Amino acid sequence: MKQEIKQTLMAIVGLLLSTTVFAHDFEVDGIYYNITDETAKTVEVTFKGSYYYSYSEYSGTVTIPSSVTYSGTTYSVTEIGDDAFSCCAGLTSVTIPNSLTSIGNRAFGDCTSLKDLRIEDGESTLSLGYNYCSSSYTGEGLFYDCPLETLYLGRNLSYNTGYDYGYSPFYKKNYTKISYNR
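Residues numbered from 1 in each chain as written. Predicted model: local features only at pLDDT ≥ 70, side-chain atom pairs only at ≥ 80, totals over all residues. Heavy atoms only, no water.

### Quick notes on the pairing of strand β5 (residues 67–70)
Right, on to step 1. Of the strand pairs in this sheet, β5 and strand β6 (residues 73–80) are connected by 4 bridges, and their pairing is antiparallel. Residue pairing for β6: T69 is matched across the bridge by T74.
Right, on to step 2. As consecutive antiparallel partners, β5 and β6 are separated by 2 residues, and within that stretch S71 has a phi angle of approximately 50°, a positive value. (Pairing = 2+ DSSP bridges. Helix = DSSP H or I, 4+ residues; strand = E, 2+ residues; numbered from the N terminus.)

### Describing the packing of aromatic side chains
We describe a pair of aromatic rings using the distance from one ring centre to the other and the angle between the two ring planes.
Right, on to step 1. Across all of its chains, the model carries 8 aromatic pairs by this definition.
Right, on to step 2. Relative to F170, the ring of F143 has its centre 5.2 Å away and its plane inclined at 5°; by these criteria the two rings are stacked. Of this pair, F143 sits in the loop between β12 (139–140) and β13 (150–153) while F170 sits in the loop between β14 (157–158) and β15 (177–180), placing them 27 residues apart in sequence. The exposure classification of F143 matches that of F170, with both residues buried.
Right, on to step 3. These aromatic residues form a ring-pair network of at least three members: Y32, Y58, F85, F108, F143 and F170.
Right, on to step 4. In this structure, R118 packs its charged tip against the face of Y152, placed 4.2 Å from the ring centre. (Phe/Tyr/Trp six-rings, centres within 6.5 Å; stacked < 30°, edge-to-face > 60°. Buried < 20%, exposed > 50% of the residue type's maximum accessible area, 1.4 Å probe, protein only. Lys NZ or Arg CZ within 6 Å of the ring centre and 35° of its normal.)

### Focus: the pattern of salt bridges
Right, on to step 1. Across all of its chains, the model carries 3 salt bridges by this definition.
Right, on to step 2. For K41, the salt bridge identified is with E38, shortest N-O distance 3.1 Å.
Right, on to step 3. Classification of K41 by relative accessible area gives partly exposed; the value is 30%.
Right, on to step 4. Given a relative accessible area of 40%, E38 falls into the partly exposed group.
Right, on to step 5. The closest approach of N and O atoms between R106 and D83, which form a salt bridge, is 3.0 Å. With R106 in the loop between β8 (102–103) and β9 (116–119) and D83 in the loop between β6 and β7 (91–96), this pair connects stretches of sequence that are 23 residues apart.
Right, on to step 6. Judged by relative accessible area, which is 18%, R106 ranks as buried. (Salt bridge = Lys/Arg side-chain N within 4 Å of Asp/Glu carboxyl O.)

### Quick notes on the nonpolar core
Right, on to step 1. Within the largest apolar cluster, 37 residues are counted, with the highest numbers of intra-cluster contacts made by I80, F85, L91, I103 and F108.
Right, on to step 2. The set of elements that each furnish at least two residues to this core consists of β1 (26–28), β2 (31–37), β3 (42–46), β6, β7, β9, β10 (126–128) and β13.
Right, on to step 3. Residue contacts for I103: discarding those within four places in its chain leaves I80, I96, F108, L126, S127, L128, G129 and L142. (Core = buried A, V, L, I, M, F, W, Y, C linked by side-chain atoms within 4.5 Å. Contact = heavy atoms within 4.5 Å.)

### Describing the sheet that holds β7
Right, on to step 1. Spatially, the 5 strands line up as an open sheet ordered β4-β7-β9-β13-β15, and their pairing is parallel. The open sheet has two edge strands with one neighbour each: β4 (60–63) and β15. The mean inter-strand angle of the sheet, taken between neighbouring strand axes irrespective of direction, is 10°. (Axes fitted to C-alpha atoms, helices over the stretch in contact; angles between N-to-C directions.)

### Some thoughts on the side chain of H24
Right, on to step 1. With respect to the helices and strands, the residue H24 is situated in the loop between α1 (2–18) and β1.
Right, on to step 2. A polar contact is formed between the side chain of H24 and the backbone oxygen of K48, at a distance of 2.8 Å.
Right, on to step 3. Other than its neighbours up to four places away in sequence, H24 contacts Y32, Y33, N34, T46, F47 and K48. (Polar contact = N/O pair within 3.5 Å; in protein donor to acceptor, adjacent residues only side chain to side chain.)

### What about the state of the cysteines?
Right, on to step 1. Taken as a whole and judged by the stated rule, the model has 0 disulfides.
Right, on to step 2. As a non-bridged cysteine, C87 has C88 as the owner of its nearest cysteine sulfur, 7.3 Å distant.
Right, on to step 3. Looking at C87, the relative accessible area reads 9%, which means it is buried.
Right, on to step 4. Looking at C88, it has no disulfide partner, and the nearest cysteine sulfur is the one in C111, 5.5 Å off. (Disulfide = S-S within 2.5 Å.)

### Notes on the confidence of the model for the chain
Right, on to step 1. In the predicted model, the chain carries a mean pLDDT of 83, and 77% of its residues have values of at least 70.
Right, on to step 2. Confidence over residues 13–20 falls short of pLDDT 50; this stretch has 0 contacts with residues more than four positions distant or in other chains. (pLDDT = per-residue confidence, 0-100.)

What follows is the structure, given as structure tokens:
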């Protein structure tokens, strides 16, 4: 009896070790999503792999939709999750829809080619997370690692500042064009 239990447990462990675990619930048009509230039908943008530093899951221009349909259900895209675009060195442009209410911590960490950011017009305030400095573990602005050149702000933003959170999300940026609708 003990031998059978041991063999069953070993088979289960082997199965678990061979199973690939992903950080996302589904993918549509090259963007990965987690369901955040099944009742409210909301999702967040996330990364593909089992860890955010799977690198280069997103590149070029990414336009996040305000809603997405998966398996016959339409979800509202309300968040960009923590680390969603981290380490995507080939990401050059992102458009954020007015349905988003928050962007998580380190969402754009090490996006060393992100030059164009568009936050679409909207009435609700967009809450921004922070980045961090790996050498001192102090906060940095959300877009610290991004060489942003053009920025469109279509609504109000909210973010924390201070030692743990960094300065403005756009601190020390050299823009060639900034436009806003506020």
